[in-house]
Amino acid sequence: MLDEAMTAIAENGLAALTMSALADRLGTSGGHILYYFGSKDRLFLEALRWSEAALTEERRALLAGRAAPARKLDRFLRLYLPTGPRDPRWMLWIELWARAGANEPLRAAQEELDRGWRDDLETLLAQGAAAGAFAADDGPGRAGELLALLDGLSTRVVLGQRDADRRSALGSARSAAERLIGCAPGGTPG
């Protein structure tokens with residue numbers, strides 16, 4: 001149900017999603033969906049949390065792995081960036097950003113989900129600095145800068161802006177990471 005909700009939101013946006021249309025896609029009733037979620041906002045938030053839970057597992061496995069810090073960072077960048085225009089996960093994030101300013105539960109969820117990415121990137125940078133692979137002198141600051149850049153690159157890719165695709169975004173992210181922490185992600189220390 002959450003996967004289908006995520007797909008429907010990515011296709012047409014949350015404003016266009018109706019419970020009856022989603023129910024038709026699922027072969028159930030709108031009342032059944034409302035019974036479990038209570039509202040469209042709650043369904044939206046649960047779809048986003050469901051999507052992010054899978055990515056959290058991947059990030060944690062990445063951090064626990066034996067790969068070199070630069071390779072881990074490259075995998076983190078690849079995991080963060082959208083797969084392409086209208087990436088369903090990223091379409092949910094854009095909806096969240098648009099609604100969080102006026103909705104306290106959504107703002108709190110955004111902060112919680114952002115914190116997971118930030119904490120894991122800070123851990124990764126600390127691991128790399130401890131191993132001598134990264135020259136980051138301010139892990140939390142550098143993590144914040146890199147995440148802000150990734151958000152901007154990701155938004156351009158997911159909206160399908162001219163000259164913005166996953167490959168070029170990954171190249172820009174790698175270049176920025178090299179400047180910020182003295183390491184070429186996926187390669188050797190810079």
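Above this note sits the structure.
All of the points below concern the structure found in this document. (Residues numbered from 1 in each chain as written. Predicted model: local features only at pLDDT ≥ 70, side-chain atom pairs only at ≥ 80, totals over all residues. Heavy atoms only, no water.)

Some remarks on the side chain of Asp87
Then comes step 1: If you trace the backbone, Asp87 turns up in the loop between α5 (69-80) and α6 (88-100).
Then comes step 2: Although Asp87 lies buried, it forms no salt bridge, and the closest oppositely charged side chain, Arg89, sits 4.6 Å away as judged by the N-O distance.
Then comes step 3: Filtering out sequence-adjacent residues up to four positions away, Asp87 remains in contact with Pro82 and Val158. (Helix = DSSP H or I, 4+ residues; strand = E, 2+ residues; numbered from the N terminus. Buried < 20%, exposed > 50% of the residue type's maximum accessible area, 1.4 Å probe, protein only. Lys, Arg positive; Asp, Glu negative; His and termini not counted. Salt bridge = Lys/Arg side-chain N within 4 Å of Asp/Glu carboxyl O. Contact = heavy atoms within 4.5 Å.)

Topic: the side chain of Glu52
Then comes step 1: By the secondary structure assignment, Glu52 is in helix α4 (residues 40-64).
Then comes step 2: Glu52 sits in the buried class, given a relative accessible area of 2%.
Then comes step 3: Here the side chain of Glu52 touches Trp117 through a polar contact of 2.7 Å, side chain to side chain.
Then comes step 4: Discounting residues that sit within four places of it in the chain, Glu52 has contacts with Arg59, Arg89, Trp93, Leu113 and Trp117. (Polar contact = N/O pair within 3.5 Å; in protein donor to acceptor, adjacent residues only side chain to side chain.)

A word on the nonpolar core
Then comes step 1: Leu43, Leu73, Phe76, Leu121, Leu146 and Leu150 are the most contacted members of the largest nonpolar core, which totals 57 residues.
Then comes step 2: A total of 8 residues in this core trace back to one element, the largest contributor, which is α4.
Then comes step 3: In contact with Phe76, other than residues within four places in its own chain, are Arg59, Leu62, Trp117, Asp120, Leu121, Leu124 and Leu147. (Core = buried A, V, L, I, M, F, W, Y, C linked by side-chain atoms within 4.5 Å.)

Let's talk about a nonpolar patch on the surface
Then comes step 1: The grouping of Met1, Tyr35 and Tyr36 at the surface amounts to a nonpolar patch, some 380 Å² of accessible area in total.
Then comes step 2: Residue Met1 is classed as partly exposed on the basis of its relative accessible area of 35%. (Patch = residues over 30% accessible without salt bridge, like charges linked within 9 Å, V, L, I, M, F, W, Y side chains within 5 Å. Areas by Shrake-Rupley, 256 points an atom, 1.4 Å probe, with all protein chains shown as cover.)

A look at the pattern of salt bridges
Pairing between side chains of opposite charge can happen when the charged atoms of each approach one another.
Then comes step 1: Under the definition given, this model contains 14 salt bridges.
Then comes step 2: In this structure, the salt-bridge partner of Arg118 is Glu122, at a minimum N-O distance of 3.8 Å. Placement of both Arg118 and Glu122 in helix α7 (residues 104-130) is noted, with a separation of 4 residues, approximately one turn of the helix.
Then comes step 3: Taking the relative accessible area as the measure of exposure, Arg118 reaches 32% and is therefore partly exposed.
Then comes step 4: A residue is classified by how much of its surface remains accessible, and Glu122, at 23% relative accessible area, is partly exposed.
Then comes step 5: Taking the shortest distance from any N to any O, the salt bridge between Glu145 and Arg142 comes out at 3.1 Å. Placement of the pair is Glu145 and Arg142 together in helix α8 (residues 139-158), with a separation of 3 residues, close to one helical turn.
Then comes step 6: Look at the salt bridges and you will find they share partners, linking Glu4, Glu11 and Arg25 into a network.

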